[in-house]
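Structural overview for review
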Amino acid sequence: MKVNFVSNAITIILMLGLAYVWQELHPEHLTQAFEMSDTSRNSDENQLMLALVVSKSGEGKNIGEDIEHGVRHYLQELKVEPGHDAVGIKVFDDQGDSELAIKIANEIVVNPRIVGVIGHSQNN
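This section reports on the structure supplied with the text. Remember, it's a predicted structure, so these values are computed and weren't measured experimentally.

A word on unusual backbone geometry. The backbone phi angle of Gln95 is positive, close to 55°, even though this residue is not glycine. By the secondary structure assignment, Gln95 is in the loop between strand 2 (88–93) and helix 4 (98–109). Classification of Gln95 by relative accessible area gives partly exposed; the value is 43%.

Let's shift gears to the sheet that holds strand 1 (residues 49–54). The strand order across the open sheet built from three strands is 2-1-3, with neighbouring strands paired in parallel fashion. Looking at which strands have only one partner, the edges of the open sheet turn out to be strand 2 and strand 3 (114–119). Averaged over all pairs of adjacent strands, the angle between their axes in this sheet comes to 25°, without regard to strand direction. Bridge count between strand 1 and strand 3: five bridges; the pairing is parallel. Across the sheet, residue Leu52 finds its bridge partner in strand 3, namely Ile118. This element, helix 4, spans strand 1, strand 2 and strand 3 of the sheet and lies at about 150° to strand 2.

All right, on to the pattern of salt bridges then. Counted under the stated rule, the structure contains two salt bridges. With a shortest N-O distance of 3.1 Å, Lys56 and Glu68 are connected by a salt bridge. Linking Lys56 in the loop between strand 1 and helix 3 (61–80) with Glu68 in helix 3, this pair joins segments that are twelve residues apart in sequence. Taking the relative accessible area as the measure of exposure, Lys56 reaches 29% and is therefore partly exposed.

Counting eight residues, the largest nonpolar core consists of Leu50, Leu52, Val54, Val71, Leu75, Leu78, Ile89 and Val91. Taken together, the elements giving at least two residues each to this core come down to strand 1, helix 3 and strand 2. Core analysis: the second largest hydrophobic core is formed by seven residues, Ala51, Phe92, Ile108 and Ile114 among them.

What follows is about a nonpolar patch on the surface. A cluster of nonpolar side chains, contributed by Phe5, Val6, Ile10 and Leu14, occupies part of the molecular surface with about 420 Å² of accessible area. Position of Val6 relative to the elements: it lies in helix 1 (residues 2–25).

Note that Ala101 resides in helix 4. Take Ala101: its relative accessible area is 10%, and that puts it in the buried class. If we skip the residues at most four places from it in the chain, Ala101 touches Asp94 and His120.

Centre distance and the angle of the planes are the two values used to describe a pair of aromatic rings. Across all of its chains, the model carries zero aromatic pairs by this definition. Against the face of Phe92 rests Lys90, its NZ or CZ located 5.8 Å from the ring centre.

Positionally, Arg113 belongs in the loop between helix 4 and strand 3. Classification of Arg113 as partly exposed rests on a relative accessible area of 25%. On a C-alpha basis, the gap between Arg113 and Gln47 in space is 6.8 Å, while along the polypeptide they are 66 residues apart.

By secondary structure assignment, the location of Gln47 is in the loop between helix 2 (28–31) and strand 1. When its relative accessible area of 15% is taken as the criterion, Gln47 is described as buried. Along the sequence, Gln47 and Ile114 sit 67 residues apart, while their C-alpha atoms lie 9.0 Å from each other.

Cut-offs and rules
- Residues numbered from 1 in each chain as written.
- Predicted model: local features only at pLDDT ≥ 70, side-chain atom pairs only at ≥ 80, totals over all residues.
- Heavy atoms only, no water.
- Helix = DSSP H or I, 4+ residues; strand = E, 2+ residues; numbered from the N terminus.
- Buried < 20%, exposed > 50% of the residue type's maximum accessible area, 1.4 Å probe, protein only.
- Pairing = 2+ DSSP bridges.
- Axes fitted to C-alpha atoms, helices over the stretch in contact; angles between N-to-C directions.
- Contact = heavy atoms within 4.5 Å.
- Salt bridge = Lys/Arg side-chain N within 4 Å of Asp/Glu carboxyl O.
- Core = buried A, V, L, I, M, F, W, Y, C linked by side-chain atoms within 4.5 Å.
- Patch = residues over 30% accessible without salt bridge, like charges linked within 9 Å, V, L, I, M, F, W, Y side chains within 5 Å.
- Areas by Shrake-Rupley, 256 points an atom, 1.4 Å probe, with all protein chains shown as cover.
- Phe/Tyr/Trp six-rings, centres within 6.5 Å; stacked < 30°, edge-to-face > 60°.
- Lys NZ or Arg CZ within 6 Å of the ring centre and 35° of its normal.

Below, the structure is given as structure tokens:
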């Protein structure tokens, strides 16, 4: 019985230590890159934006989610480097549908805040 108590106590101490190290190595300002919220909602009205057009709900949605995570991570990395202006991101879901993708492209073209487009993830 005493061995189990010691073993459990050591396990708990190690878990708490790992949790502390994890928190120290992942400051809050760096974890935001992996939040999937649309940063355009949090930005000011004059901020320049990148349009990301991927499938989030149709065919290829797993690839679309991976692309979105990668783009958000890269933009977050740029924010911490001096001399880089913050760029927002506006995510569009083309649902893997080429007709919807054309409508989205026409919407992007008329938006003066959008300065670049990443996508589409389908080869339709």
